[in-house]
Amino acid sequence: MSVVEDPVLLRAEGLCVSFGGLEVLRQVSLEVHAGCVLGVIGPNGAGKTTLFNTICGFVRPGSGTITFAGQALERPRPERLTRHGIARTLQGLGLFAGLTVLDNVVAGATHRSRTSLGGALLGSPWADHDERALAARAMDVLRELGIDGDAKRICAGLPYGVRKRVALARALVSQPRLLLLDEPAAGLSATEVGELADIVRGLAPATTVMLVEHHMDFVMNLCDRLVVLDFGEVIARGTPAQVRADPQVQRAYLGDPVAAVAGEGGAHA
Ligand SMILES: Nc1ncnc2c1ncn2[C@@H]1O[C@H](COP(=O)(O)OP(=O)(O)OP(=O)(O)O)[C@@H](O)[C@H]1O
């Protein structure tokens, strides 16, 4: 008998988060289907990054549950996320400025190494083998992202668009099942945004993507489904076309360019 796998890779149910008296997430529920690109949008302060932080275990919800690949993610430890099959990029990139591009990317995959710290210090044969395998894998990812020529360069001083790709490579090298991208298009030129969309579309089908983003053209063209947050609540969900036509979404963006939600060329909501 074949086992039918749940098409929902990540499910959040009834997430509530408060900081002091401020309710930042209120009963947020969503599903991320395997192999899809889900975009989370909403005005500034809507709770998007807090939602990511909750999934990653940086923020503990007051109530609610998160299930990943059918297993409850109870108190996920951020440093263990890649072991679960989840990787994340940060708004602030979080690269080691003084390290090379390659070393930054290898740092994202060290959980896959079989070498213990003791083994590495004692020069176990696994240590060399693992290091070479990780470097080869990291080079493959850099090649896929078109920045293998920068592998030996120190990150500091590289153009912002290249450093953004390094951050993406560092997340991808752990071969995550779920990739969380926090404002991946922010600060990129129009050309770079288009290239990024191609990269995300071209990811292995086994990679599911959840992204937070303000760049509406990018979101509307790339995402399979959207969830819209406003003041910590889900106010709409559906395909980009459904969300774009939703009057509540348009109202939420009043004060920001409504045209941006309507996909009429505004770059940022
Ligand atoms: N650690 C924290 N302590 C207190 N308040 C916080 C904390 N983190 C976020 N907040 C507040 O929670 C609200 C939601 O913030 P969050 O960063 O999740 O929103 P966002 O939708 O990602 O916004 P943006 O689009 O501007 O990045 C904001 O009012 C913010 O000031």
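Conventions used here
Residues numbered from 1 in each chain as written. Predicted model: local features only at pLDDT ≥ 70, side-chain atom pairs only at ≥ 80, totals over all residues. Pairing = 2+ DSSP bridges. Helix = DSSP H or I, 4+ residues; strand = E, 2+ residues; numbered from the N terminus. Axes fitted to C-alpha atoms, helices over the stretch in contact; angles between N-to-C directions. Contact = placed C-beta atoms within 7 Å. Core = buried A, V, L, I, M, F, W, Y, C linked by C-beta atoms within 7 Å. Buried ≥ 20, exposed ≤ 12 C-beta atoms within 10 Å, placed from the backbone. Near = placed C-beta within 6 Å. Nonpolar A, V, L, I, M, F, W, Y, C, P; charged D, E, K, R; others polar.

- Under an unreviewed UniProt entry, the name given to the protein chain is ABC transporter ATP-binding protein, and the organism recorded is Amycolatopsis carbonis.

## Comments concerning the sheet that holds strand β8 (residues 208-212)
And then number 1: Strand order in this open sheet of six strands is β6-β7-β8-β3-β9-β10, and the pairing throughout is mixed. The strands lining the two open edges of the sheet, one partner per strand, are β6 (86-89) and β10 (233-238). Sheet twist, expressed as the average angle between the axes of neighbouring strands with direction ignored, equals 15°.
And then number 2: Inspection of the sheet shows strand β9 (residues 225-230) paired to β10 by five bridges, in the antiparallel sense. Counted as the bridge partner of V228 is A236 from β10.
And then number 3: In the packing of helix α6 (residues 160-172) onto the sheet, the strands contacted are β6 and β7 (178-182), and the crossing angle to β6 comes to about 170°.

## Looking at the nonpolar core
And then number 1: Core analysis: the largest hydrophobic core is formed by 73 residues, its most contacted members being V105, A138, A169 and V228.
And then number 2: In terms of residues, this core owes the most to one element, α6, which gives six residues.
And then number 3: Those residues in contact with V105 that sit more than four places away from it in its chain are A138, V141, L142, V166, A169, R170 and V173.

## Some remarks on the site of the ligand
And then number 1: In the vicinity of the ligand, the contacting residues are F19, L22, V24, G42, N44, G45, A46, G47, K48, T49 and T50.
And then number 2: Taken together, the elements giving at least two residues each to the shell around the ligand come down to β2 (22-33) and α1 (48-56).
And then number 3: In terms of residue count, α1 provides more of the shell around the ligand than any other element does, three residues in total.
And then number 4: Residue composition of the shell around the ligand, grouped by class: four nonpolar, six polar and one charged.

## Concerning the sheet that holds strand β5 (residues 71-72)
And then number 1: Spatially, β2-β1-β4-β5 is the arrangement adopted by the four strands of the open sheet, whose pairing is antiparallel. Every interior strand has two partners, whereas the edge strands, β2 and β5, have only one.
And then number 2: Strand direction decides the pairing type here: strand β1 (residues 8-19) and strand β4 (residues 63-68), joined by five bridges, are antiparallel. Residue pairing for β4: L10 is matched across the bridge by F68.
And then number 3: Of the strands in this sheet, β1, β2 and β4 are in contact with α1, which crosses β2 at around 70°.

## Things to note about the environment of N221
And then number 1: Here N221 shows up in helix α8 (residues 216-222).
And then number 2: N221 sits 11 residues away from G232 along the chain, and the two C-alpha atoms are 25 Å apart.

## Focus on unusual backbone geometry
And then number 1: Its identity as a non-glycine residue notwithstanding, A69 has a phi of 50°, on the positive side.
And then number 2: In this fold, A69 is placed in the loop between β4 and β5.
And then number 3: Look at A69 and you get partly exposed, because 17 C-beta atoms sit within 10 Å.
And then number 4: Unusually for a residue other than glycine, Q175 sits at a positive phi of about 50°.
And then number 5: Looking at where Q175 falls in the secondary structure, it is placed in the loop between α6 and β7.
And then number 6: With 16 C-beta atoms counted inside 10 Å, the residue Q175 sits in the partly exposed group.

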